[in-house]
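Structural features, examined
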Amino acid sequence: MSQTTAEKAHTSLPEHRVPRKKSFLSRLARQWDIQLMVWPGILLIFVFAYLPMYGVLIGFMDYSIFTGARIWENPWVGFKHFQDFFNAPEFLTIMRNTLAISLLKFIIGFPAPIFLAIMLNEVRHMMFKRVVQTITYLPYFISWVIVAGFATSLLSTDNGSINILLEKLGAIDEPINFLSRPEYFWSILVTSNVWKDIGFNSIIFLAAIAGIDQHMYEAADIDGASKFRQVFSITIPTIMPVIIIFMILAIGSLLSAGFEDILLLAVNPLLRDVSDVIDTYVYRIGLANFRYSYAAAIGLFRSVVGVILLVFANYLARRTGNSLW
Amino acid sequence: MLYLVAAILVLSTVLAGCGKSNSGNGNTPATTAPPAATDNGAESTEAPDDGKWSLGDPLSFTMYSHYNGSDFPVWESTPAGKWLSENKDVKIKMITANGAADQKLASMISSDDLPDVIWADKNHPIMEKLIQEGKVIAYDEYLDKYPNLKTWMGDNLNMLRSEDGKLYKFPNWYSGNPSGNAGYVINKKIYEELGSPKLETTDDLYNYLVQVKEKYDGKIIPFEPHRAVDSQGLGVLYTAFGEGMDAQYTFLHQSVRAVPKGDKLTSLYTDPVFRESAKYISKLFREKLIDQDAFTHTQDMVKEKVLNGRVAVFAGASPTDYAAEAHREMIKNDPNSGYFMIWPIRKEGLDKNKIYPGTYTTLGWNASYISASAENPEEIFAFLDWFTGPEGQNLIFFGPEGQYWDGFDENGMPNFTDAYDQDAVTKTELDNVPITINGNTGYINPAKMKYQTQVPVEEQDWLSRYQSSITWKTQFDVTQFINLDPPTDSDLGIIKTKLDDLHLKVYADVMTNSKSDEDVDKILDKAEADAQKIGYDKLLEFRTQKWQENVKLINSQK
Amino acid sequence: MIRLSFNDRLMMYFIYAFLILLSVTSFYPFWNAAVISFNMGSDTAMGGITFWPRAFTLENYQLILKDSRLFNGFFISITRTIVGTISAVFMTSLLAYGMSKSHLIGRKYYTIYFIITMYFGGGLIPVYLLVRSLGLMNSFLVYIIPGLISVWNMIVFRTFFKSLPVGLEESAQIDGSSNWGIYFRIVLPLSGPVIATLGLFTAISHWNDWFIPTIYINNDNLLPIQTMLRQALNSNIIQESSGALDSASLAYLQKTRSITSKSLQMAMMMVVTLPIMLVYPFVQKYFVKGVMIGSLKE
């Protein structure tokens, strides 16, 4: 519905130009109250997000932090840092790890909270439901330092509970050094992540489900549909818009595969080949060495890819009627 | 409800005002120092002979420790800091990084708003940049006026000078005497139960570990190397295979990663001594004679194993920390248990007096830098200088004068009082560790020993006993190997980072995954090839050059 | 009560089993942390503490509560969270409501304008310099103003507002209500679950934030408890491979890193985390049925 003044001017005939322009301005004036709702936000974002936006140029320079905001004092190097990144021997490994870990976290970690929310919704016992809701949301608040400490203990070969359990069950003869074997790392990482965030992430879906009209369920009961059926025909379709919006947003951050969790769990250097992702690489190579521009370039690369993915996901979603724009 | 909201908004506005009026003071506390400070001619632009700063003159400044893993605690929360703050009006406001050191320092640099003192690795690349940009004060003009540093450090001070010949770094733990605690700690009870066998050579050690495994399978860890990702016990074992400069703990470190042969630094991976040690260690791993979690466990987990007496042999850069604590607790229940240390393990045939499990430098590893924007650099230096002198050191290690020590004897050593309580003294030292901005081991080690030698062996502090009898005699001076790193954003710097990545992987691989001695050779051959591809020899060339420059400088002091 | 089919019973058993398993595994680390916090630090280092303290003590909590900075920290944290959340939720939802109006001129462009900022940003240094130049350094307002608009939250709010039946607003307009009036008197009250949820998220992120104070605040009076916790936990945060060249310095670094006993760390964690965790149960009651979100659009 919105058209710029320029467009308006082009599509109008010369004799009608003046009234048309007035019409646009007057339309604008008439909705001053909702524009007023929007403009403070626009201004705030302008100040805090767009004013510093010149920082995206840092990736194209050899930036020295001593120049602060006076970035014009820094030499321009064009795409050099990007090339360095793409040509780095670790590039393919990092990208593979980033995408693999991210996808795994998404495939398992995205539906999990939804299922939890649905399951909780089916529970009739109110007390049980509230207790479970509260408890499952606790791990989100435990820092990764503690969670990783727990995991390291559990998985250790010396008195680690998992190994003891497996040996008792007769499944293995010797303890397995889980955190030293590349083949286990992704599973350990994803499992701990899902466990940690499932309760918290289910909140938004719980809120969505809470808004479903109860009458629909009652009608379905009368029609003889089983609860199991009802989940699929009522619950899920009704919260689908919420699911889709979140899915779009999640796809946009596909290149953010994690940081603190990986850093703390992938202590053994033997895991480097499967654990190194963009964030850990930047931390190690970029920031710790004050290669600020290099880090910035990689960050920019990630943003660009993220936007492309976002647009693509949004385009797909628009077909279902739910999209960001 | 709306009233509540309104009340809160009003409150926050007040807070906002509060914060802002404080910000004037918060950023530069030096300016809030009472006028008395200026009476002492604190302005560095004035001629120094306007009067010296001495302890008791009010002083306040900000200080920042550039580490992701530790910050200075609140000054007054430590015994020394509290005493100095309350009695001598020395107030230090700590700026903390809370784990985000790189970001914090970058922010401060970008806005040219640096703390008065930065405490960082003495070769930290960012500090070198700060020096180049003129953001750091040189100490040269203060050295004679406040002479403790110069006196106690002697000519070694010159090794700290920067390219322009000026001194910008106040070292943190310097000394002409060996210091360090690296070595082998043995579990007494297990040792005696196995018949107290000879434990001198690597073969002895191997046999002993086999015995331990047979007898205690699973319950006791034969060899505990602490956190292998930090080298630690594995680095110590490496030194068993070479005398003197053939094998040193430091050669494995990222700033060296080479073995000196003659006057050249050569590849670690082709070095026969390193290879031999790798074969030995990988054998231990294969036969499960060494903690299988060496490369993954946390510090807490290591501490737990040692405290519970579940290790037979414990080695590391400072195994004494946990061992001393564990020993104290263990002998409470069973006087016959606990830990003791042995003379360093060596390969059969090597001279036992030439084996060094650990290393030290005469320059420490950190330095205090005073930033150019400090209001009172001279006074800060004067304080640092006092801190490093006998009085300051006594305060840190023994407590304030009058309590456990009073005055100095004819050798300049403290006179210990009858009230001296070793436990309290140890606790004081531990509590002051986080703010031991600088330490003068040339003074404090003999001072500590003075007390210990007055006391019969059984009452001697566990740590002191082994320090004086074993560890201080078996740490090697590696001062010549400092400062071998290229600037991080240069081509060589990038090579170094790649090499570090490679090394970590190779190290873990060769130690834990080798299936035989031939395997070790294969892995290390490939490592050498990969390293060469990255540019290892260029790095070695660079490092050789810097090393030789150090050697020349050191020799010229003699 | 309608008889459950076999499928249903199976489903319910599975659900209960899963929920119990998840709850137990979620609860245990937390319980363990609490137990450790009530245990003596020297004893905790020996390991093996699981379900109950072995050497019960209140010393860790006593040590913490004695620190007067703590109360100030709490005050700051609480004030920041309340003020920050209310103001952010208000500003963002207002923005979102305006954005939800399909006849808003410039809507598509505004949307793109906002979404770009979710992906592109100047980075730490430019933002820091900007905040500084606005005079927000060492000011309480640095906790509030930059966070007033969250694009992500705006999108969620907007989605919700769009799904409200048009009829509600139309009838209000017929009654002569202005857009602002509709917003305050009709839309907001109906937005219970969304406000509760996003308010909760905002509150949590305010409460948990330690980074902004680290970079922007040097004045101890304005530090929240989360930063203080971080200062205490610091010795364990990221055990980077040490920069120590020689074994003597590694030894020393090691010592400075494990000053705070695990028990004390856990006690601090409990003290800092408990308040925000207790907020959720209160918020739960806002997830009341009967309000439409994502329901079939008309």
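Rules used in this analysis
Residues numbered from 1 in each chain as written. Chains lettered and ligands numbered in written order. Predicted model: local features only at pLDDT ≥ 70, side-chain atom pairs only at ≥ 80, totals over all residues. Heavy atoms only, no water. Helix = DSSP H or I, 4+ residues; strand = E, 2+ residues; numbered from the N terminus. Buried < 20%, exposed > 50% of the residue type's maximum accessible area, 1.4 Å probe, protein only. Contact = heavy atoms within 4.5 Å. Salt bridge = Lys/Arg side-chain N within 4 Å of Asp/Glu carboxyl O. Pairing = 2+ DSSP bridges. Axes fitted to C-alpha atoms, helices over the stretch in contact; angles between N-to-C directions. pLDDT = per-residue confidence, 0-100. Polar contact = N/O pair within 3.5 Å; in protein donor to acceptor, adjacent residues only side chain to side chain. Nonpolar A, V, L, I, M, F, W, Y, C, P; charged D, E, K, R; others polar. Domains from an automatic or database assignment. Buried area = accessible area lost by both parts, 1.4 Å probe. Phe/Tyr/Trp six-rings, centres within 6.5 Å; stacked < 30°, edge-to-face > 60°. Patch = residues over 30% accessible without salt bridge, like charges linked within 9 Å, V, L, I, M, F, W, Y side chains within 5 Å. Areas by Shrake-Rupley, 256 points an atom, 1.4 Å probe, with all protein chains shown as cover. Parallel < 35°, antiparallel > 145°, perpendicular 65-115°, else oblique. Left-handed = near helix turned anticlockwise from the far one by under 90°.

**Considering the overall build of chain C**
Each helix and strand counted, chain C has 15 helices and 0 strands in total. Each of the 298 residues in chain C was classed as buried or not, and the buried ones make up 61%. When contacts within chain C are restricted to residue pairs at least 6 apart in sequence, long-range pairs at least 24 apart make up 69% of them.

**Description of the pattern of salt bridges**
Inspection of the entire model under this criterion finds 49 salt bridges over all chains. Ionic pairing is found between Arg275 of chain B and Asp521 of chain B, a salt bridge with its closest N-O pair at 3.0 Å. Linking Arg275 of chain B in helix H10 (residues 272–286) with Asp521 of chain B in helix H19 (residues 517–534), this pair joins segments that are 246 residues apart in sequence. Residue classification places Arg275 of chain B among the buried residues on the basis of a relative accessible area of 11%. The closest approach of N and O atoms between Lys305 of chain B and Asp291 of chain B, which form a salt bridge, is 2.8 Å. Pair noted here: Lys305 of chain B is in helix H11 (residues 299–307) and Asp291 of chain B is in the loop between H10 and H11, with a separation of 14 residues, a long-range link. You can call Asp291 of chain B buried: its relative accessible area is 2%. The structure contains a network of salt bridges with shared partners spanning Asp158 of chain A together with Asp291, Lys305 and Arg310 of chain B.

**A few points about the sheet that holds strand S2 (residues 90–95) of chain B**
Residues and elements named next belong to chain B. Strand order in this open sheet of 5 strands is S2-S1-S3-S13-S4, and the pairing throughout is mixed. With one partner strand each, in any of the chains shown, S2 and strand S4 (170–171) form the two edges of the open sheet. Summarising the sheet, strand S1 (residues 59–65) and strand S3 (residues 117–121) pair through 3 bridges and their orientation is parallel. Across the sheet, Tyr64 pairs through a bridge with Ile118, a residue of S3. Relative to S1, helix H4 (residues 101–110) is tilted by about 130 degrees, and along the sheet it contacts S1, S2 and S3. Each of S3 and strand S13 (366–370) is contacted by helix H5 (residues 125–132), which is oriented at about 135 degrees to S3, the strand it contacts most.

**Focus on the confidence of the model for chain C**
Residues and elements named next belong to chain C. Overall, the prediction assigns chain C a mean pLDDT of 83, with 87% of residues at 70 or greater. Per-residue pLDDT stays below 50 along residues 235–242; that stretch engages in 30 contacts with residues further than four places along the chain or on separate chains. Confidence drops under a pLDDT of 50 for residues 289–298, and excluding neighbours within four residues, the segment shows 25 contacts in the predicted structure. Quick note on the complex model: pTM equals 0.85, ipTM equals 0.86.

**So, the interface of chain C and chain A**
The interface of chain C with chain A comprises 98 residues on the first partner and 96 residues on the second. Counting across the interface, chain C meets chain A through 0 salt bridges. Joining chain C to chain A, the criterion identifies 14 residue pairs in polar contact (both at pLDDT 80 or more). Ranked by the residues each element gives to the side of chain C that touches chain A, the list is headed by helix H1 (residues 6–37) of chain C, at 18 residues. Looking at the side of chain C that touches chain A residue by residue, the classes come out as 67 nonpolar, 24 polar and 7 charged.

**Description of the domain arrangement of chain A**
Segmentation of chain A into domains returns domain 1 (2–53) and domain 2 (81–319). With centres defined by C-alpha atoms, the gap from domain 1 of chain A to domain 2 of chain A works out at 41 Å.

**Considerations on the environment of Ser277 of chain B**
All names here are of chain B. With respect to the helices and strands, Ser277 occurs in helix H10. Judged by relative accessible area, Ser277 falls into the buried class, the value being 1%. Along the primary structure Ser277 and Lys526 are separated by 249 residues, whereas in three dimensions their C-alpha atoms are 17 Å apart. Leave out the neighbours within four places in its chain, and Ser277 touches Tyr238 and Phe241.

**Observations regarding the interface of chain B and chain A**
Each partner contributes residues to the interface: chain B has 39 residues there, and chain A has 29 residues. Approximately 2,800 Å² of surface area, both sides summed, lies buried where chain B meets chain A, with 61% of it carried by carbon and sulfur atoms. The largest per-residue losses of area from chain B upon contact with chain A belong to Thr296, Asp501 and Lys505 of chain B, which jointly make up 19% of the total buried on that side. The interface formed by chain B and chain A holds 6 salt bridges in total. At the boundary of chain B and chain A, one finds 8 residue pairs in polar contact (both at pLDDT 80 or more). At the level of elements, H4, H5, H11 and helix H18 (491–513) of chain B are the ones that each hand at least two residues to the side of chain B that touches chain A.

**Considering the sheet that holds strand S6 (residues 183–187) of chain B**
Sheet strands associate in pairs through backbone hydrogen bonding, adopting either a parallel or an antiparallel arrangement. Residue and element names in this part refer to chain B. With respect to topology, 4 strands assemble into an open sheet ordered S7-S10-S6-S11, the strand pairing being mixed. Two strands in the sheet have a free side with no partner beyond their single neighbour: strand S7 (221–224) and strand S11 (339–342). Strand-to-strand, the axes of this sheet are offset by a mean angle of 20 degrees, without reference to chain direction. In this sheet, S11 lies alongside S6 in antiparallel orientation, the contact comprising 4 bridges. Within S11, the position partnered with Asn187 by the bridge is Tyr339. Lying on the sheet, H11 is in contact with S7, strand S10 (311–316) and S11; it crosses S10 at an angle near 135 degrees. Of the strands in this sheet, S6 and S11 touch helix H17 (residues 462–469), which is tilted by about 10 degrees from S11.

**Some words on the packing of aromatic side chains**
One pass over the full model with this rule turns up 78 aromatic pairs over all chains. Their ring planes at 75 degrees and their centres at 6.5 Å tell us that Phe85 of chain A and Tyr294 of chain A sit as a pair that is edge-to-face. Placement of Phe85 of chain A in helix H4 (residues 80–87) and of Tyr294 of chain A in helix H16 (residues 292–318) is noted, with a sequence separation of 209 residues between them. Among the aromatic residues, those joined into a ring-pair cluster are Phe90, Tyr97, Phe157, Phe160, Phe161, Trp180, Tyr183 and Phe184 of chain C.

**Comments concerning a nonpolar patch on the surface**
All names here are of chain A. A cluster of nonpolar side chains, contributed by Leu99, Leu103, Ile107 and Ile108, occupies part of the molecular surface with about 340 Å² of accessible area. If you trace the backbone, Leu99 turns up in helix H5 (residues 91–109). With a relative accessible area of 34%, Leu99 lands in the partly exposed category.

**Quick word on the packing of H10 of chain B against H19 of chain B**
Residue and element names in this part refer to chain B. Contact geometry for H10 and H19: axes closest at 9 Å, N-to-C directions at 125 degrees. What the angle tells us is that H10 and H19 run oblique. In this structure, H10 meets H19 at a crossing whose hand is right-handed. Along its contact with H10, which presents Phe274, Arg275, Ala278, Lys279, Ser282 and Arg286, the element H19 presents Asp517, Val520, Asp521, Leu524 and Asp525. Its residues placed into classes, the contact of H10 with H19 shows 4 nonpolar, 1 polar and 6 charged.

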